[in-house]
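Secondary and tertiary structure notes
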Amino acid sequence: MYFDYAATTPPNSEVLKTFEKVNREFWANPHALHRAGVRAETLLEQARRQVLTLFGAESAYRCIFTGGATESNNMAIKGVARQYESRGKHLITSAVEHPSVLGVFQWLEKEGWEVTILPVNAAGCVEPHILQDALRPDTMLVSLMHVNNEIGAINNVEALGRMIKTQSPAFFHVDAAQSVGKIDLSLANSPIDLLTFSAHKFCGLKGSGALLLKNKVQLPPLFHGGGQESGYRSGTADVATAAALAKALRIALEGRATAYQRVCSYKQTIAETFSGIDGTELNGALENSSPFVINYSVRGVRPETILHALEEQDMYISTVSACSAAKTPESSVVLALTGNHERAQTSIRISLSSLTAPEEIDALCATLKPTIESLRFKKKVGRKS
Ligand code: PMP
């Protein structure tokens, strides 16, 4: 039983079929001038148009296919910083961003940009007045995530974006890796200038994502070479991966509203279970947060011990996000919203998807309390003996 869908999801079988079919039948170089190349190019552009249409972004945005959200985040933030350097060197982000955003900001700071890192409230969200106070005439980029990958906090990117647009000349970049296909997000009349996502978070393929950018936004090329992807990302385009991404997105969006409703009830059941376990605290808030991500601190037991005890019962959860798990046992996200090291060192994440079955939630909820209590008991007995 898999409860780590925020780390990744399995590819949908229809998506795999598309990938295979396109690789078999449309493998020609889409930049070649012969008929086979033109057929491949037609498919590539069809996938691009489909992605834009699914976001309501047909006329106002372009779509660059990338190797995933890490690449899209790097491309967007470094690209805007470089391209518009003469407009100002002040950048804003938040304390709970993914490492592929925060790491870029830290690097840019060393390179001479001035960076403001906004704190978040107890729910894990950026408060509009905090952002308002940070905006300056020389702010040229604000980068905020839509949904947090560790606690599920949802930023109101529409309202925050409008504020940015009325009060500064800054571009607005949104990392939507945890929301696309799960939480409602449209780019029709949106204040978002650049949007990042990864296909493997919604049953697409790993190593595949996109950066959507408003027509007016220019970026320096990520790779120099043959000038593919409108010059932004040279290299022979991967038509099959692009077609698979468009397919995964369409399937995810078709089932989104139904999955959302179902997963909301799962989150409620899990929250009720934790409320019956002493020494556990919710990180973030139940309201205005993604039902797909649930995070609790469990006092007195190491999170890896809980992870492995559940694993023994064939249930996979996670501690800090997979991207940070190798580096530190403390969650910088939980620390940012609680200011409490103990809570940040004892957090576990349960993440769900449209594939989660009610029986799995029942099994998990029946297991959590006895598992945690038995681990605490073992620790107490171990200490005495
Ligand atoms: N941003 C967020 C919010 C994420 O959750 C992730 C994946 N954990 C990424 C960016 C990076 O995505 P990828 O590993 O697919 O590049």
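Here's a quick rundown of the structure. (Residues numbered from 1 in each chain as written. Predicted model: local features only at pLDDT ≥ 70, side-chain atom pairs only at ≥ 80, totals over all residues. Heavy atoms only, no water.)

This part covers unusual backbone geometry. In this model, cysteine 203 sits at a positive phi of 65°, which is unusual for a non-glycine residue. Secondary-structure assignment places cysteine 203 in the loop between β6 (194-198) and β7 (209-214). (Helix = DSSP H or I, 4+ residues; strand = E, 2+ residues; numbered from the N terminus.)

Attention shifts here to the side chain of threonine 356. Relative to the helices and strands, threonine 356 resides in the loop between β10 (347-351) and α12 (358-384). Threonine 356 gets classed as buried once you look at its relative accessible area, which sits at 2%. In this structure threonine 356 touches Phe3, Tyr5, Arg262, Tyr266 and Ile361, once residues within four positions along its chain are discounted. (Buried < 20%, exposed > 50% of the residue type's maximum accessible area, 1.4 Å probe, protein only. Contact = heavy atoms within 4.5 Å.)

What follows deals with the pairing of β6. β6 sits mainly inside the fold: five of its five residues count as buried. Burial of β6 is two-sided: the residues Leu194, Thr196 and Ser198 facing one way and the residues Leu195 and Phe197 facing the other way are all buried. Two strands pair when backbone bridges link them, and strand β5 (residues 171-175) and β6 are joined in this way by three bridges, in the parallel orientation. The residue bridging valine 174 from the neighbouring strand is leucine 195, located in β6. (Pairing = 2+ DSSP bridges.)

Here we come to the sheet that holds strand β8 (residues 280-282). Strand pairing in a sheet relies on backbone hydrogen bonds. The paired strands run either parallel or antiparallel. Strand order in the open sheet made by the three strands is β8-β9-β10, with antiparallel pairing throughout. Among the strands making up the open sheet, the edge pair consists of β8 and β10. Neighbour-to-neighbour, the strand axes of this sheet turn through a mean angle of 30°, independent of strand direction. Strand direction decides the pairing type here: β8 and strand β9 (residues 293-298), joined by three bridges, are antiparallel. Bridged to leucine 282 within β9 is tyrosine 296. In this fold helix α7 (residues 239-275) packs onto β8, β9 and β10, with an angle of close to 5° to the strand it touches most, β9. (Axes fitted to C-alpha atoms, helices over the stretch in contact; angles between N-to-C directions.)

Turning our attention to the packing of aromatic side chains. A complete count under the given rule lists five aromatic pairs for this structure. Here the aromatic rings of phenylalanine 55 and phenylalanine 197 are separated by 5.3 Å at their centres, their planes lie at 35°, and the arrangement is tilted. One end of the pair, phenylalanine 55, is in the loop between α2 (35-54) and β1 (61-66); the other, phenylalanine 197, is in strand β6, and 142 residues separate them in sequence. We note that phenylalanine 55, like phenylalanine 197, is buried. Judged by centre distance (4.5 Å) and plane angle (45°), the rings of tyrosine 84 and phenylalanine 171 are tilted. One end of the pair, tyrosine 84, is in the loop between α3 (69-83) and β2 (90-94); the other, phenylalanine 171, is in strand β5, with 87 residues separating them in the sequence. The class for phenylalanine 171 is buried, based on a relative accessible area of 4%. Aromatic ring contacts, followed pair by pair, group Phe55, Phe197 and Phe202 into a single cluster. The lysine or arginine in question, lysine 78, covers the ring of tryptophan 107, its NZ or CZ lying 5.4 Å from the ring centre. (Phe/Tyr/Trp six-rings, centres within 6.5 Å; stacked < 30°, edge-to-face > 60°. Lys NZ or Arg CZ within 6 Å of the ring centre and 35° of its normal.)

The sheet built from seven strands is open, its strands ordered β1-β7-β6-β5-β4-β2-β3 with mixed pairing. At either margin of the open sheet sits one strand with a lone partner, and together these are β1 and β3 (114-118). Here the average twist between neighbouring strands, direction ignored, is 15°. Here β2 pairs with strand β4 (residues 139-145) via three bridges, running parallel. In the strand pairing of β4, isoleucine 92 is matched with valine 142.

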